[in-house]
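Listed here are the chains, written in short residue letters.
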Amino acid sequence: MALIAAVFCFVLVNSKKVEADYSTVTKKWYGIRGKWFFFLLTLGVIITYLSLSPFPIPDQKKGYQENEYQVVKVDSYQWYWTMTPNTVEAGKPVTFLVTSGDVNHGFGIYDENLELLGQTQAMPGYTNKLIHTFDKPGKYKILCLEYCGVAHHAMITELTVK
Amino acid sequence: MSSTAVANRKIEYSESENRKALIAVKAHLILGLAVLLLMMLAGLTMRAVQGTWLEIGADLFYQIMTVHGVGVVGAAGIGSTGVLWYFLRQYVRLSNTIFWINFFVFVAGVVMLLGSIFLGGYGGAWTFLYPLPGKSMGVWSTGAAAVFQLALLIIGTGFLILYLDMGRGILASFGSLSKALGLPQLFGRVPVDTTHPPTVVAGTMVLIVNFLGIAVGAVVLVMGLINLYNPEFQPDALLMKNLIYFFGHVFINATIYASVTAVYELLPRYTGRPWKTSKVFYAAWFAIVFMVMAVYPHHLMMDFPMPQWALIVGQVLSFGSGIPVLVVTGYGALMIVYRSGIQWSTTTKLLFLSMFGWAAGVIPAILDAMVTVNRVFHNTMWVPGHFHFYLLLGLLPMMFGFIYHLTGEGRQGEQPKAADNVGFYAYLIGAFLTSMVFLASGASSIPRRWATHMAEWVTFAQVGTVAAALVVLGMLVFTFRALFSLPKAAEPR
Ligand SMILES: [Cu+2]
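Residues numbered from 1 in each chain as written. Chains lettered and ligands numbered in written order. Predicted model: local features only at pLDDT ≥ 70, side-chain atom pairs only at ≥ 80, totals over all residues. Heavy atoms only, no water.

**Q** So, the packing of helix 15 (residues 418-443) of chain B against helix 16 (residues 458-485) of chain B: which residues are in play, and what are the values?
**A** The angle between the axes and the distance between the axes are what describe a pair of packed helices. Residue and element names in this part refer to chain B. Where helix 15 contacts helix 16, the axes come no closer than 7 Å and their chain directions differ by 150°. It follows from the interaxial angle that helix 15 and helix 16 lie roughly antiparallel. Relative to helix 16, helix 15 is oriented so that their crossing is left-handed. (Axes fitted to C-alpha atoms, helices over the stretch in contact; angles between N-to-C directions. Helix = DSSP H or I, 4+ residues; strand = E, 2+ residues; numbered from the N terminus. Parallel < 35°, antiparallel > 145°, perpendicular 65-115°, else oblique. Left-handed = near helix turned anticlockwise from the far one by under 90°.)

The following block contains the structure:
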């Protein structure tokens, strides 16, 4: 963003001086445009590859056996959460099976510093599987991240990690 | 003048037709501006509530949030239509009557929306995300939700009628949509014609995507309406979400692609350099047609049952949609201004700013559209951050720049008045700060659409309130300028 701002400022500073022949301007900058395009394309390919392998969303078809994962069933309603159980252990991956009994909600896990660690949508008719491994014990908060009506901001509950 | 060859392709209208058309365009712009000003006041109110400087009930907060969302989208729609219609009618014959019909249908829809929100208490957000409109827990009635969705349906119908007229005009002048998009030139079937108007290419793209977007919107609105009165009819929630975001994404995106015609048409006039079409230009716009429609799954990355390929498409095309503006439109604007000896007036400053806002706004958008980043940014303040950046610094400056152009400012060496300068810089600083505070809030995990903020978040909201107040100050100057100078201004030569 700073780079784009800098480029715009450069042009701004260079807007007053007149180069009467526009074709010399276009000739020079069309050449640079080709390189710029190629640069963006390469950047895009690299970012896409690095950010998508492995795919950041857990496989929704997999079973997630109880011996490897701690399973928490999450149900959401206007305007509260039910979580069974609501206590998990640190260090062992937790599978949250998230659904909704009425409208769309958003299941967001926040740590004690109110930093968002991960989220998934809670939707009627679907069960979303979110996997998270807690590093530290403590009191975590669940906040609603999808607007769900007049008490949306009050839809908060606590998750204990031992 | 951009070039004599382009001038040759222009449609001849009678003096009185032109006069009437100008009045209609001004009506669109003034209505858009007035609604935007009110919506900015609504935004300022919400920030002040989140910053604990103002106390209102949660029900009223979410009504304001609903009106703010739907109002800004609507104002962007009607204002950008004014811009596009003004320039497009120079190349294709358009009906003034149909232009007005859409205007009055829009006004009727706005009245219904206001009634549903402030009389009926509807506060289900402008996205009317199924099944929320029908499940308010008694906060608003089924009737209020129905009027809201009916109003959107009616407004959409008005736009569809207008697009039909634009389509008819384009076909009459260019023979086919593909010729209007410059595809035969792109694929080498006919030689490149650099006098093919960029406005026609942009207008055709907007017409295609928005026609489909609104049609899908109509489908999902009708399904929602049926559900309201026949609760046994329960469409699939994920399908509805897909349709809603397709519609919403296309509609709001189309506003910026419609308004950019102001940049294509006006920067050449103020720099004396032509904006010529080329193969690269056609290729960019051809790609945009598909990308704008296929990119919407980036709104659904936290819906894990979505097919993996759809989310990958969403991520890749989000990056891809940034390329045309970074390589073609923004880059082209920079080349036109570079060493052009341009006279900086409020008009040209706003147009130049709009290119910066659009180009730089691409970056927070691309970041959020990466699955791994979306995990911690989705539905945080980052999201309003990225679209306030686009709208406040990209889209609106295009519209405002066009308004200043129509008032006659910036020609014959007329210098901007002191008030215009104050307005411009208050707006610029306020808009930048508003967006950056949203982005910083999102990066700090603050959720969006919360009426009451936790104590830890209040400072962000307070800085945001000050920033929003600056935006309103700038906007007041623009609005007064439009109200006093625009109605009597003659057609700029
Ligand atoms: Cu909720």
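And the narrative resumes.
**Q** Could you give an account of the coordination of the copper ion, with specific residues and numbers?
**A** All names here are of chain A. The protein atoms donating to the copper ion are His105 (ND1), Cys144 (SG), Cys148 (SG) and Met155 (SD), with metal-donor distances spanning 2.0 to 2.5 Å. Read in sequence order, the donor residues for the copper ion give the motif H-x38-C-x3-C-x6-M. Taken together, the residues span a long stretch of sequence, with His105 in strand 5 (residues 105-110) and Met155 in the loop between strand 8 (138-144) and strand 9 (156-161) at a distance of 50 residues. In this structure, His105 and Met155 share a single accessibility class: buried. (Donors = N, O, S within 2.8 Å, 3.2 Å for Na, K, Ca; no water. Buried < 20%, exposed > 50% of the residue type's maximum accessible area, 1.4 Å probe, protein only.)

**Q** Give a description of the packing of aromatic side chains that names residues and reports values.
**A** All names here are of chain B. Considering all chains together, one arrives at 46 aromatic pairs over all chains under this definition. With centroids separated by 6.5 Å and ring planes inclined at 85°, the aromatic side chains of Phe106 and Phe159 adopt a geometry described as edge-to-face. Placement of the pair is Phe106 in helix 4 (residues 96-119) and Phe159 in helix 5 (residues 142-174), with a sequence separation of 53 residues. Just as Phe106 is buried, Phe159 falls in that class too. Through a chain of ring-to-ring contacts, the aromatic side chains of Tyr257, Tyr264, Trp275, Phe281, Tyr282, Trp285 and Trp358 assemble into a single cluster. It is Arg89 that lies over the ring of Tyr13; its NZ or CZ is 3.8 Å from the centre. We note Arg93 situated over the ring of Tyr13; from NZ or CZ to the ring centre the distance is 4.9 Å. (Phe/Tyr/Trp six-rings, centres within 6.5 Å; stacked < 30°, edge-to-face > 60°. Lys NZ or Arg CZ within 6 Å of the ring centre and 35° of its normal.)

**Q** A description of the sheet that holds strand 6 (residues 116-122) of chain A should follow, citing residues and the corresponding values.
**A** Strand pairing within a sheet occurs via backbone hydrogen bonds; the two strands may be parallel or antiparallel. Residues and elements named next belong to chain A. Spatial ordering of the open sheet is given by 3-9-8-5-6, a layout of five strands whose pairing is mixed. Looking along the sheet, the strands with just one partner apiece sit at the ends: strand 3 (87-88) and strand 6. Inspection of the sheet shows strand 5 paired to strand 8 by four bridges, in the antiparallel sense. Bridge pairing in strand 8 places Gly108 opposite Leu143. (Pairing = 2+ DSSP bridges.)

**Q** Give me the confidence of the model for chain B: which residues, what numbers.
**A** Residue and element names in this part refer to chain B. The predicted model of chain B has a mean per-residue pLDDT of 92, with 97% of residues at 70 or higher. In the predicted structure, residues 1-7 sits below a pLDDT of 50 and forms seven contacts with residues beyond four places in sequence or in another chain. Confidence estimates for the predicted assembly give a pTM of 0.93 and an ipTM of 0.93. (pLDDT = per-residue confidence, 0-100. Contact = heavy atoms within 4.5 Å.)

**Q** Please provide a residue-by-residue account of the sheet that holds strand 4 (residues 94-100) of chain A, values included.
**A** Residue and element names in this part refer to chain A. Read across the open sheet, the four strands follow the order 2-1-4-7; overall the sheet is mixed. This sheet does not close on itself; its edge strands, each paired only once, are strand 2 (80-84) and strand 7 (128-132). When strand polarity is set aside, the average angle formed by the axes of neighbouring strands in this sheet is 25°.

**Q** Mind laying out the packing of helix 14 (residues 382-407) of chain B against helix 15 of chain B, listing which residues take part and the relevant values?
**A** All names here are of chain B. At a minimum axis distance of 6 Å, the contact between helix 14 and helix 15 shows a crossing angle of 165°. It follows from the interaxial angle that helix 14 and helix 15 lie roughly antiparallel. The hand of the helix 14/helix 15 crossing is left-handed. Residues Trp382, Pro384, Gly385, His386, His388, Phe389, Leu392, Leu393, Leu396, Pro397, Phe400 and Tyr404 of helix 14 pack against Asp420, Tyr427, Leu428, Ala431, Phe432, Thr434, Ser435, Met436, Phe438, Leu439, Gly442 and Ala443 of helix 15.

**Q** An account of the nonpolar core is needed here, citing residue identities and associated values.
**A** Counting residues in hydrophobic clusters, the biggest one holds 208 residues, and the most contacted among them are A:Phe96, A:Phe107, A:Phe134, B:Met205, B:Trp285, B:Phe400 and B:Phe402. Counting residues per element, this core draws most heavily on helix 9 (residues 237-271) of chain B, which supplies 21 residues. (Core = buried A, V, L, I, M, F, W, Y, C linked by side-chain atoms within 4.5 Å.)

**Q** Provide a residue-level description of the environment of B:Thr277, including the pertinent values.
**A** Residues and elements named next belong to chain B. With respect to the helices and strands, Thr277 occurs in the loop between helix 9 and helix 10 (279-294). Residue Thr277 is classed as buried on the basis of its relative accessible area, which comes to 1%. For the pair Thr277 and Phe290, spaced 13 residues apart in sequence, the C-alpha to C-alpha distance is 20 Å. Once you skip the residues sitting within four places of it in the chain, Thr277 turns out to touch Val192, Asp193, Thr194, Thr195, His196, Pro197, Pro198 and Tyr282. Separated by 2.8 Å, the side chain of Thr277 and the backbone oxygen of His196 make a polar contact. In this structure the side chain of Thr277 is engaged in a polar contact, spanning 3.2 Å, whose partner is the side chain of Tyr282. (Polar contact = N/O pair within 3.5 Å; in protein donor to acceptor, adjacent residues only side chain to side chain.)

**Q** Now, about the confidence of the model for chain A: what can you tell me, with residues and values included?
**A** Of all residues in chain A, 99% have pLDDT values of 70 or greater, and the mean over the chain is 90. Put simply, helix 1 (residues 2-13) of chain A is where chain A has its lowest mean pLDDT, 79, and strand 5 of chain A is where it has its highest, 97.

**Q** Can you tell me about the environment of A:Lys62, naming the residues and giving the values?
**A** All names here are of chain A. You can see Lys62 is positioned in the loop between helix 2 (22-52) and strand 1 (70-77). Looking at Lys62, the relative accessible area reads 41%, which means it is partly exposed. Separated by 67 residues in the primary sequence, Lys62 and Lys129 have C-alpha atoms spaced 9.3 Å apart. The contact partners of Lys62, leaving out residues within four places of it in the chain, are Tyr69 and Lys129.

**Q** Describe the pattern of salt bridges, listing the residues and the values that go with them.
**A** All names here are of chain B. Counting across every chain of the model gives five salt bridges over all chains. Salt-bridge contacts for Arg93 lead to Glu17; the nearest nitrogen and oxygen are separated by 3.9 Å. Within this pair, whereas Arg93 is found in the loop between helix 3 (58-88) and helix 4, its partner Glu17 is found in helix 2 (residues 15-50), the two being separated by 76 residues in sequence. Taking the relative accessible area as the measure of exposure, Arg93 reaches 39% and is therefore partly exposed. (Salt bridge = Lys/Arg side-chain N within 4 Å of Asp/Glu carboxyl O.)

**Q** Before we move on, can you summarise the environment of B:Arg273 with the specific residues and values?
**A** Relative to the helices and strands, B:Arg273 is located in the loop between helix 9 and helix 10. Residues B:Arg273 and B:Met398, spaced 125 residues apart in sequence, show a C-alpha to C-alpha distance of 19 Å. Among all residues touching B:Arg273, those that are not within four sequence positions of it are A:Glu19, A:Tyr22, A:Val25, B:Pro268, B:Met335, B:Ile336, B:Val337, B:Tyr338, B:Arg339 and B:Ser340. Looking at B:Arg273, its side chain comes within polar contact range of the main-chain oxygen of B:Met335, at 2.9 Å.

**Q** Residues and numbers for the side chain of B:Ser321, please.
**A** Residue and element names in this part refer to chain B. For Ser321, the location among the structural elements is in helix 11 (residues 308-337). Separated by 2.4 Å, the side chain of Ser321 and the backbone oxygen of Leu317 make a polar contact. When residues no more than four places from it in sequence are discounted, the contact partners of Ser321 are Tyr257, Met291 and Val295.

**Q** Could you give me a rundown of the interface of chain B and chain A, with the residues and numbers involved?
**A** Many analyses report the size of an interface as the accessible area lost when the parts associate. At the junction of the two partners, chain B supplies 81 residues and chain A supplies 69 residues. Taken over both partners, the interface formed by chain B and chain A buries close to 6600 Å², and the fraction arising from carbon and sulfur atoms is 70%. In terms of surface lost to chain A, no three residues of chain B exceed B:Phe304, B:Tyr338 and B:Arg339, which account for 13% of the buried area on that side. Where chain B meets chain A, there are zero salt bridges. Applying the counting rule to chain B against chain A returns 22 residue pairs in polar contact (both at pLDDT 80 or more). For the side of chain B that touches chain A, the element with the highest residue contribution is helix 11 of chain B, accounting for 15 residues. (Buried area = accessible area lost by both parts, 1.4 Å probe.)

**Q** How would you summarise the pairing of strand 9 of chain A if you had to cite specific residues and measurements?
**A** Residue and element names in this part refer to chain A. Where strand 3 and strand 9 come together, two bridges link them in parallel fashion. By the bridge assignment for strand 9, Val88 is matched with Val161. Bridge analysis of strand 8 against strand 9 gives six bridges, and the strand direction is antiparallel. Counted as the bridge partner of Leu143 is Ile156 from strand 9.

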